[in-house]
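Per-entry structural report
Given next are the chains, with one letter for each unit.
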Amino acid sequence: MSSAINPNSAVPLYKQIANVIAQDIKDGKYNYGDRLPSELTLKDTFGVSRITIRAAISELMEEGLLVRSQGKGTFIAQPKAIMPASDHPGFTQSCLLAGRTPSTKLLSIDYTYPSPAECLFLNLNETDKVIVSKRLRFIENYPTVIETNHYITDFDFLFNEDLNGSLFEILSSHDIYVTESRRTLEICTATRAEADMLEIKTNTPLLLFKDMQIDQNGRPIYISKQLYTTERMAFYL
């Protein structure tokens, strides 16, 4: 670790130290999951007070470069995937464009009765059925999204498709293209079941995206609910 700091600089010492550590992370001197040297070690390395080291660490935690584990120490945080806040061009393609490897695990697919909101958007009667699929989606093998989709029954071909991949690619193979999406965003907290799937703590804040998807013919085709853990990704607008 480079320890070159300038006590005479107008830049506060803690910011200089934070910049040094950040540069070391960028240069690959630390890898994701590596434990940062202890506060005492850093104090001796930089020749500053422990309070200064703590301020530098806090700065890096706010930037998402470090994460603290109670009783274990401070570790290099997994870089977040930067994704578009819109639903275009879809999860798989967005990951690939961000240089990340996506994967998907189909949890279930079945028929169910629609909710009042689904009846209204999908132009269904309460006695009609919808297809519901639940998938767990990963970035670099880390569970990141729980996706639940409700489709019109015209989509029963999905039972014969491999839903462990891109849904948009499957739809396009059937000449179906999502051309309009009405998206809302809410904040919620993880239930115990959701936390177990996402490997996070219960009540961790999640981003809840709800999408009402419309095809190229102006036909409402499905409603999607996606729970994102922000520990592993961020969005741009």
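Being a predicted model, the structure only gives us computed values, none of them experimental.

A separate point is the nonpolar core. Inside soluble globular proteins, nonpolar side chains tend to come together where they are buried. By size, the foremost hydrophobic cluster in this structure holds 20 residues, and its most contacted members are Y151, F155, F157, L158, L167, L171 and Y222. Elements with a minimum of two residues in this core: α5 (116-122), β5 (130-139), α6 (167-173) and β9 (220-229). Apart from the residues lying within four places of it in its own chain, the contact partners of L158 are I109, Y151, L163, L167 and I170. By size, the runner-up hydrophobic cluster in this structure holds 16 residues, among which are A18, V48, A56 and I76.

Evaluated as defined, the whole model comprises 13 salt bridges. For R68, the salt bridge goes to E39, with nearest N and O atoms at 4.0 Å. Taken as a pair, R68 in strand β1 (residues 66-69) and E39 in helix α2 (residues 39-46) lie far apart in primary sequence, 29 residues in all. Counted as one network, the salt bridges with shared partners bring together E39, R50, R54 and R68.

Attention shifts here to the side chain of N149. Relative to the helices and strands, N149 is located in strand β6 (residues 142-151). A distance of 2.6 Å separates polar atoms of two side chains, one belonging to N149 and the other to S224. What N149 contacts, discounting residues up to four positions off in sequence, is I131, V132, S133, L167, Y222, I223, S224 and K225.

What follows is about the packing of aromatic side chains. The full count for this structure, using the stated rule, is six aromatic pairs. Aromatic side chains F209 and Y228 sit 5.4 Å apart centroid to centroid with 85° between the ring planes, which places their arrangement in the edge-to-face category. Of this pair, F209 sits in strand β8 (residues 205-215) while Y228 sits in strand β9, and the two are 19 residues apart along the sequence. Residue classification places F209 among the buried positions, given a relative accessible area of 3%. Judged by its relative accessible area of 5%, Y228 is buried. Put simply, the rings of Y151, F155, F157 and Y222 pair up and form one aromatic cluster.

What follows deals with the packing of α2 against helix α3 (residues 50-62). Viewed as axis vectors pointing N to C, α2 and α3 meet at an angle of 110°, and their least axial separation amounts to 9 Å. As the angle between them shows, α2 and α3 are arranged roughly perpendicular. Together, E39, L40, L42, K43 and F46 of α2 and R50, I53, R54 and I57 of α3 make up the contact between the two elements. Of the residues contributing to the contact of α2 with α3, the split by class is five nonpolar, no polar and four charged.

Buried residues dominate β6, accounting for nine of its 10 residues. With antiparallel pairing between neighbouring strands as the criterion, β5 and β6 make up a hairpin whose turn holds two residues, including E140 at a positive phi of roughly 50°. By the bridge criterion, seven bridges tie β6 to β9 in an arrangement that is antiparallel. Across the sheet, residue H150 finds its bridge partner in β9, namely I223.

Position of T204 relative to the elements: it lies in the loop between α7 (192-198) and β8. According to the relative accessible area criterion, T204 is buried, its value standing at 13%. At 2.6 Å, the side chain of T204 forms a polar contact with the backbone oxygen of K201. Not counting residues up to four positions away in its chain, the partners in contact with T204 are C188, T189, A190 and E231.

Following both chains from N to C, one finds helix α1 (residues 13-26) and α3 inclined at 55°, their axes separated by 8 Å at the closest point. Classified by the angle between their axes, α1 and α3 sit oblique to one another. When the axes of α1 and α3 are compared, the crossing they make is right-handed. Judged by residue contacts, L13, Y14, K15, I17, A18, I21 and A22 of α1 engage T52, I53, A55, A56, E59 and L60 from α3.

Basis of the calculations
- Residue indices begin from 1 for each chain and proceed along its sequence in written order.
- The model is predicted, so local features are restricted to residues of pLDDT at least 70 and side-chain atom pairs to those at 80 or more, both for listing and for counting; the totals for chains, interfaces and linings are taken over all residues.
- Neither water nor hydrogens contribute to the side-chain values; these are computed over all heavy atoms in the structure.
- In plain words, nonpolar cores are sets of buried Ala, Val, Leu, Ile, Met, Phe, Trp, Tyr and Cys residues tied together by side-chain atoms within 4.5 Å.
- Partly exposed residues are those whose accessible area sits between 20% and 50% of the maximum for their type, while under 20% is buried and over 50% is exposed, using a 1.4 Å probe and protein chains only.
- A run of H or I in DSSP becomes a helix once it reaches four residues, and a run of E becomes a strand once it reaches two; helices and strands are each numbered from the N terminus.
- Throughout, a residue-residue contact means that at least one pair of heavy atoms, one from each residue, lies within 4.5 Å.
- What counts as a salt bridge is simple: a side-chain nitrogen of Lys or Arg found within 4 Å of a carboxyl oxygen of Asp or Glu.
- Within 3.5 Å is the distance limit for a polar contact, defined as a pair of N or O atoms, with the added protein rule that one can donate a hydrogen and the other accept it, and that residues adjacent in sequence qualify only through two side-chain atoms.
- Here is the rule: rings of Phe, Tyr and Trp (six-membered ring for Trp) pair when centre to centre is within 6.5 Å. Planes less than 30 degrees apart are stacked, more than 60 are edge-to-face, and the remainder are tilted.
- Fitted lines through C-alpha atoms serve as axes, helices being fitted only where they are in contact, and the angles separating the N-to-C directions of these axes extend from 0 to 180 degrees.
- We call two directions roughly parallel when the angle between them is under 35 degrees, roughly antiparallel when it is over 145, roughly perpendicular when it lies between 65 and 115, and oblique otherwise.
- Throughout, the ten residues Ala, Val, Leu, Ile, Met, Phe, Trp, Tyr, Cys and Pro are labelled nonpolar, Asp, Glu, Lys and Arg are labelled charged, and all others, Gly among them, are labelled polar.
- Strand pairing is assigned whenever DSSP detects at least two bridges linking the two strands.
- Crossing handedness follows the turn of the near helix against the far one: under a right angle anticlockwise gives a left-handed crossing, and clockwise gives a right-handed one.

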